[in-house]
Amino acid sequence: MSHIAIDARIIKSSTGRYVERLLHYLQKIDHENNYTVLIRSKDKDFWKPSSPNFKIVIADFDDYSFGEQIGFKRLLDSLSPDLVHFCMPQQPISYRGKKVTTIHDLILLKTYNSDKNWFIFHTKQFVGRFVFKRVARSNNHILSPTKFTKDDILKFVSVPSDKITITCESADVIKSKQTPYKHPFKTYIMYTGSQSDYKNIKRLGDAHQKLLVTHPNLGLILVGKKNDSALINEAYFMKKGYKNIHFTGFVSDEELAWLYSNTEAYIFPSLMEGFGLPGLEAMGYGAPVVSSNTTCLPEVYGDAAHYFNPLSISYIASSIKDVIDNKVLKKSLIKKGYEQFNKYSWERMAKQTHQVYIDVLQNKT
């Protein structure tokens, strides 16, 4: 019997679904080892263990902070686990126990988000470069959601290829009743997720306005909390006098499911991704996906998406028009989307991750 600690401090962040699903299935897979799940105090009611060999310990340490480097290490030392799984690269770099880290992408190191304080962001970016390299070299094993991200890591830091295991993520479809979302459009295309600069939402808005020439009643619905990045995009569209663009703010899972199920197309214009979960989620609801052709997205979506160059507004617009005007193409994408969605499994991801734990504990990796 071993003691495994899982750093779940990001469980309510944009990548928190990965952590929540991992914990969900680990509780079904492993009834022998003991698990300590490290969660921020604000999230202690968000996730609760359902298995007696899992328990929660509060870990209130900010990312890339002195508290993380000193206080978090002290906490880990006091817990004395046989293995720690850090679900993100941020971690105490001087921790000496056995450890596994999930590196979802290198977006922090390659982008800048204008909604962030310039100095603080670039300081974190500078520290992040050091931490990422140290993590890749000092951890017993690295987990990556795609081959693209694995290759990106190998380009960034010299480590053996077999030190990185690809554990693909997945997506979920709500089986329960959907709740209609009230909107002012006859038809609409949609995007859901964060709206940081690299998500390329301004160009999506620009492309949508081109589509209004031939599709004057087509709406663009941008789903997600109206945080600073969304407000910046909203101000940009208002300044340009753009029409038929709607920011939802927070929506329930049932409303999101309805939006996916009734959209003309789901658009994913991102310039950089580590996996691209929203597009896969859209496929599970029968939404045809029109996607950027960059980074990992063709790897994850295969032939189940209609691709465009995300730097070309005209290309984005024409690709969306292809799908909403061509019923044969649209029907084909929906069919292929369901097939692509079913290729992925959170349970398989958890089983692969669990096997990495066992291999590290038994000194096989």
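These numbers come from a predicted model, not from an experiment.

Caption draft 1: Region of interest: the packing of helix α9 (residues 277-284) against helix α12 (residues 327-341). Their axes nearest at 8 Å, the elements α9 and α12 cross at an angle of 115°. Remark: the crossing between α9 and α12 carries left-handed chirality. Between α9 and α12, the contacting residues are L280, M283 and G284 on the first element and G337, Y338, Q340 and F341 on the second. For the contact of α9 with α12, the per-class residue count stands at 4 nonpolar, 3 polar and no charged.

Caption draft 2: Quick peek at the packing of aromatic side chains. Evaluated as defined, the whole model comprises 13 aromatic pairs. An angle of 15° between the planes, with centres 5.3 Å apart, marks the rings of Y260 and Y285 as stacked. Taken as a pair, Y260 in helix α8 (residues 253-262) and Y285 in the loop between α9 and β12 (289-292) lie far apart in primary sequence, 25 residues in all. By relative accessible area, Y260 is classed as buried at 0%. Aromatic side chains F275 and Y344 sit 5.7 Å apart centroid to centroid with 90° between the ring planes, which places their arrangement in the edge-to-face category.

Caption draft 3: Highlighting the sheet that holds strand β4 (residues 83-86). Strand order in the open sheet made by the 7 strands is β3-β2-β1-β4-β5-β6-β7, with parallel pairing throughout. The open sheet terminates on both sides in strands that have one partner only, identified here as β3 (54-58) and β7 (164-166). The average undirected angle you get between the axes of adjacent strands in this sheet is 20°. Of the pairings in the sheet, the one linking strand β5 (residues 99-102) to strand β6 (residues 141-144) comprises 3 bridges and is parallel in character. Looking at the pairing, V100 lines up with H141 of β6.

Caption draft 4: Region of the structure containing the pattern of salt bridges. As enumerated under the stated definition, the model contains 19 salt bridges in all. Between R17 and E20 there is a salt bridge whose closest N-O contact spans 3.0 Å. Separated by 3 residues within a single helix, R17 and E20 lie in helix α1 (residues 16-29), roughly one turn from each other. The closest approach of N and O atoms between E234 and K226, which form a salt bridge, is 3.0 Å. Each of the salt bridges in this network shares a partner with another, and the network as a whole consists of D7, R9, R40, D63 and E68.

Caption draft 5: View of the nonpolar core. Membership of the largest hydrophobic core comes to 82 residues, with the highest contact counts inside it found for L23, I189, M190, L222, Y266, Y301 and I320. No other element matches helix α13 (residues 346-361), which puts 7 residues into this core. Apart from residues lying up to four places away in sequence, M190 is in contact with I221, V223, L256, L259, Y260, T263, A265, Y266 and I267.

Caption draft 6: The arrangement of the pairing of β4 in detail. Both faces of β4 are covered, namely the face carrying L83 and H85 and the face carrying V84 and F86. Pairing of strand β1 (residues 3-7) with β4 involves 4 bridges; the strand directions are parallel. Across the sheet, I6 pairs through a bridge with H85, a residue of β4. In this sheet, β5 lies alongside β4 in parallel orientation, the contact comprising 3 bridges. Paired with V84 across the two strands is K99, which belongs to β5.

Basis of the calculations
- Residues numbered from 1 in each chain as written.
- Predicted model: local features only at pLDDT ≥ 70, side-chain atom pairs only at ≥ 80, totals over all residues.
- Heavy atoms only, no water.
- Axes fitted to C-alpha atoms, helices over the stretch in contact; angles between N-to-C directions.
- Helix = DSSP H or I, 4+ residues; strand = E, 2+ residues; numbered from the N terminus.
- Left-handed = near helix turned anticlockwise from the far one by under 90°.
- Contact = heavy atoms within 4.5 Å.
- Nonpolar A, V, L, I, M, F, W, Y, C, P; charged D, E, K, R; others polar.
- Phe/Tyr/Trp six-rings, centres within 6.5 Å; stacked < 30°, edge-to-face > 60°.
- Buried < 20%, exposed > 50% of the residue type's maximum accessible area, 1.4 Å probe, protein only.
- Pairing = 2+ DSSP bridges.
- Salt bridge = Lys/Arg side-chain N within 4 Å of Asp/Glu carboxyl O.
- Core = buried A, V, L, I, M, F, W, Y, C linked by side-chain atoms within 4.5 Å.

None of this, on its own, says anything about what the molecule does.
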